[in-house]
Amino acid sequence: MAKIWRQVTNGLLVLCVLVTLALGVGVATHFQEVEQLVKTYTLLRFQALEPINTDKLMEGAIRGMVDALDDPYSTYLDAKTYRHLQESVSGSYGGVGLLITLDEKDKRLMVVSPFKGTPAQRAGIKSRDYIVAIDGRDTTGMDLETASNLMQGQPGTRVELTILSAGESNPRKVTLTREIIKVPTVDGKILPGHPGTGYISLTMFNEQTAGDLGRQLNELRQQGMQKLILDLRNNPGGALPAAVDVASYFVSRGPVVYIADQKNTEALMARGYAQPLPLVVLVNKGSASAAEIVAGAIKDTGSGTLVGETTFGKGIVQTIFPLPGGGAVKITTHKYLTPGKHDINKKGITPDYVVPMDPQLEQQVLARAPDLERDVQLQKALEVLGK
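Residues numbered from 1 in each chain as written. Predicted model: local features only at pLDDT ≥ 70, side-chain atom pairs only at ≥ 80, totals over all residues. Heavy atoms only, no water.

Once that is clear, we can look at the environment of Ile131. Position of Ile131 relative to the elements: it lies in strand 5 (residues 130-134). Take Ile131: its relative accessible area is 1%, and that puts it in the buried class. Distance in space between the C-alpha atoms of Ile131 and Lys173 is 9.8 Å, their sequence separation being 42 residues. Here Ile131 is in contact with Leu98, Ile100, Leu109, Val111, Thr139, Met151, Leu161, Thr162 and Ile163, once residues within four sequence places are set aside. (Helix = DSSP H or I, 4+ residues; strand = E, 2+ residues; numbered from the N terminus. Buried < 20%, exposed > 50% of the residue type's maximum accessible area, 1.4 Å probe, protein only. Contact = heavy atoms within 4.5 Å.)

Have a look at this one:
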């Protein structure tokens with residue numbers, strides 16, 4: 001009995017310290033809720049048929065606090081998931097090559113876009129497909145990090161995704177073999193048959209993107225580039241600093257984006273190394289987050305013309321806060337506004353020239369972009385530059 005009482009006392013001490021540190025003054029005004037928390041801890045720790053240890057309960061409390069935000073982009077990251085996320089941002093990881101989100105209406109796991117040249121794209125998975133199950137595990141109510149963690153793994157291993165495309169009633173099963181996903185950043189060339197017209201595709205914003213873009217621009221200028229098509233289609237976004245750096249190659253001066261938190265709005269300014277040239281930016285419904293920051297900056301400042309379809313509409317920013325023990329919490333801390341103070345969250349950016357494309361054709365042409373023969377959006381971009 002004495003041993004059990006010591007365990008109760010120690011557990012309650014840990015919990016009370018956690019509550020006091022986390023809630024501070026709020027403890028005084030929410031005493032009943034704190035009392036419920038302490039009682040629940042005691043019951044779970046010592047009365048449940050299959051009790052779990054204090055570490056597990058504390059992790060559950062942290063996860064529950066973040067889940068209470070009811071924000072699909074805010075989540076608790078355990079140590080393994082956080083490590084995978086760091087690998088993705090830094091440039092490579094083992095997986096299938098998908099960026100995913102939660103459909104805020106249906107709370108279902110949805111594809112933002114597949115990365116070019118990855119197992120997911122080769123299998124025909126496309127933007128706005130729903131992932132119904134991962135290895136038979138229903139994804140209903142699953143958070144983004146858990147889903148990403150299930151799809152990532154050792155190269156050469158397999159994962160089965162159950163996919164439901166828009167307008168279809170029957171899902172299909174797709175088995176993918178994981179590969180090392182070297183998160184693509186920049187690819188460019190002078191368009192065949194169009195001397196002086198450069199084409200650059202940005203497929204992700206990570207720590208390498210801005211430097212890769214600068215080098216690619218210099219190479220194309222040396223080859224005689226006088227005008228440029230920047231392809232941001234199916235670009236799922238990424239790091240905010242990378243977006244500001246990329247936009248700064250095209251926006252000469254002034255704010256690239258406004259970042260607003262609970263109290264303040266801050267302008268993030270162009271870095272000052274732009275070399276303006278005639279520019280068309282290609283966007284579609286898979287262009288999200290950091291890609292929308294760049295597209296919005298170029299559109300609002302008149303630095304270029306947008307062609308394609310309305311973008312995804314993710315105008316909020318998450319910040320990752322590391323925790324002791326290797327985990328982290330990812331929390332929506334800011335929203336962003338374009339230089340014209342437009343809030344595009346859940347709305348997207350409408351291009352200057354709206355050019356719809358059949359989803360199946362889009363998948364084919366983007367897999368082998370630039371496709372001058374079938375890509376109607378690219379053809380419109382060339383027409384605009386010709387003017």
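Read on, since the account is not over.
With that settled, the discussion passes to the nonpolar core. Membership of the largest hydrophobic core comes to 40 residues, with the highest contact counts inside it found for Phe205, Leu230, Leu232, Phe250, Val294 and Ile298. Of all the elements in the fold, those that place two or more residues in this core are strand 11 (197-202), helix 8 (209-222), strand 12 (227-231), helix 9 (240-247), strand 13 (255-260), strand 15 (279-283) and helix 10 (290-300). For this core, the leading source of residues is helix 10, giving seven residues. Val112, Ile131, Val159 and Ile163 belong to the second largest nonpolar core, which has 27 residues in total. (Core = buried A, V, L, I, M, F, W, Y, C linked by side-chain atoms within 4.5 Å.)

This brings us to the sheet that holds strand 10 (residues 186-190). An order of 10-11-12-15-16-19 is seen for the six strands of this open sheet, with the pairing classed as mixed. Each edge of the open sheet carries a strand with a single partner, namely strand 10 and strand 19 (353-354). Both strand 11 and strand 12 contribute to a ladder of five bridges, which runs parallel. From the neighbouring strand, Gly198 faces strand 12, where its bridge partner is Leu228. (Pairing = 2+ DSSP bridges.)

Over its 14 residues, helix 4 (residues 54-67) runs 20 Å from end to end, which matches the ideal 20 Å to within 8%, given 1.5 Å per residue. Looking only at helix 4, the buried set comprises Thr54, Leu57, Met58 and Val66. (Expected span 1.5 Å × (residues − 1).)

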